[in-house]
Amino acid sequence: MSPKTTKSTLKSLKKQIEDKDKEIEGYKSRIKYLQADFENLEKRISLEKETLITSSREPLILKIIDIYENFDRALTGGSKGSKGAILQGVEMVVNQLKETLANEGVIKIKCLGDKFDPCRHDALIKEQTKDAEEGIILDEIQSGYLLKDKVIRYSKVKVSKR
């Protein structure tokens, strides 16, 4: 190889290196923009999620406010009236609350006399008895609830044992 060829080859290689360096810088810049876009997307999704959760809770909160105000009216009106009026007002509010929960898909777990199911019940007490089979629920200490098909609170129960 002649010195002239070596110089031209060297010059060509330097040019290729410079071109590749520019290409690399372009990729680096593009990666920075993509990373910033991704971070902005994460922030926007997080904000949208928070907004969606808040707005989805609003109708239920409004129903609860109605119930709260009805309790308040029952207590305020009851202080002027008889105990029977207070009781009637509270019964109306309890019925309104039951209806609101049912409309939201909340179902009370019925368990008395049923076989103990650890997927729905929490056994707090086991009582020896001859009157019932093993594992039958004798008493409900605290009600359990389903939201659609999901247990949101287990029934706390007393279970028979032999």
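The model shown is predicted, which means the values in this text are computed figures rather than measured ones. (Residues numbered from 1 in each chain as written. Predicted model: local features only at pLDDT ≥ 70, side-chain atom pairs only at ≥ 80, totals over all residues. Heavy atoms only, no water.)

Enquirer: Explain the overall build of the chain to me, please; I cannot follow it from the model alone.
Expert: Summing up its helical and strand segments, the chain has two helices and six strands in all. Element order for the chain, N to C, with α for helix and β for strand: α-α-β-β-β-β-β-β. Here the C-alpha radius of gyration of the chain, 35 Å, is well above what a compact globule of 162 residues would show, namely 15 Å. Each principal axis of the C-alpha distribution contributes one length, and for the chain these read about 115 × 55 × 20 Å. (Helix = DSSP H or I, 4+ residues; strand = E, 2+ residues; numbered from the N terminus. Rg over C-alpha atoms; globule rule 2.2 N^0.38 Å.)

Enquirer: What exactly am I supposed to notice about the sheet that holds strand β3 (residues 137–142) here?
Expert: Backbone hydrogen bonds are what pair the strands of a sheet, in a parallel or an antiparallel way. Judged by pairing direction, the sheet is mixed, and its three strands sit side by side in the order β2-β6-β3 without closing on themselves. Single-partner strands in this sheet number two, and they are β2 (121–128) and β3. Pairs of neighbouring strands in the sheet enclose a mean axial angle of 25 degrees, with direction left out of account. In terms of strand pairing, β2 meets strand β6 (residues 155–161) through seven bridges, oriented parallel. Of the residues in β6, the one forming a bridge with K126 is V159. (Pairing = 2+ DSSP bridges. Axes fitted to C-alpha atoms, helices over the stretch in contact; angles between N-to-C directions.)

Enquirer: Help me out: how do you make sense of the sheet that holds strand β4 (residues 145–147) in this one?
Expert: Read across the sheet, three strands follow the order β1-β4-β5 without closing on themselves; strand pairing throughout is antiparallel. Strands with a single pairing partner mark the edges of an open sheet, and in this sheet they are β1 (106–108) and β5 (150–153). Ignoring which end each strand starts from, the neighbouring axes of this sheet average 35 degrees apart. Here β4 pairs with β5 via three bridges, running antiparallel.

Enquirer: Got a minute to help me understand a nonpolar patch on the surface in this structure?
Expert: A contiguous nonpolar patch, built from F38, L41 and I45 and spanning about 270 Å² of accessible area, is present on the exposed surface. Residue placement: F38 occurs in helix α1 (residues 3–80). (Patch = residues over 30% accessible without salt bridge, like charges linked within 9 Å, V, L, I, M, F, W, Y side chains within 5 Å. Areas by Shrake-Rupley, 256 points an atom, 1.4 Å probe, with all protein chains shown as cover. Salt bridge = Lys/Arg side-chain N within 4 Å of Asp/Glu carboxyl O.)

Enquirer: Which parts of the structure should I look at to understand helix α2 (residues 83–103)?
Expert: Every α-helix winds through 3.6 residues per turn, so residues three or four apart in the chain are directed the same way. Between its terminal C-alpha atoms α2 stretches 30 Å, which fits the 30 Å expected from 21 residues at 1.5 Å a residue. When we look at burial in α2, the residues that qualify are G89, V93 and T100. For α2, the arc enclosing every buried residue in end-on projection is 35 degrees, short of the 170-degree limit, so these residues lie on one face. Pointing more than 90 degrees away from the buried face of α2 are the exposed residues K83, L87, K98 and E99. Where α2 ends, the next residue or the one after it, G105, has phi of about 95 degrees, a positive value. (Expected span 1.5 Å × (residues − 1). Buried < 20%, exposed > 50% of the residue type's maximum accessible area, 1.4 Å probe, protein only. Arc of directions from axis to C-beta.)

Enquirer: Could you clarify how one ought to interpret the pattern of salt bridges in this entry?
Expert: Opposite charge on two side chains lets them pair, provided their charged atoms get close. Summed over the entire model, instances satisfying the criterion amount to seven salt bridges. Notably, a salt bridge pairs E23 with K20, separated by 3.6 Å at the nearest N-O pair. Residue E23 and its partner K20 are both found in helix α1; the two are separated by three residues, about one turn of the helix. Residue class for E23 comes out partly exposed when judged on its relative accessible area of 36%. The shortest N-O distance in the salt bridge between K156 and D122 comes to 3.9 Å. Separated by 34 residues along the polypeptide, K156 in strand β6 and D122 in strand β2 bring together distant segments of the chain. Judged by relative accessible area, K156 falls into the partly exposed class, the value being 24%.

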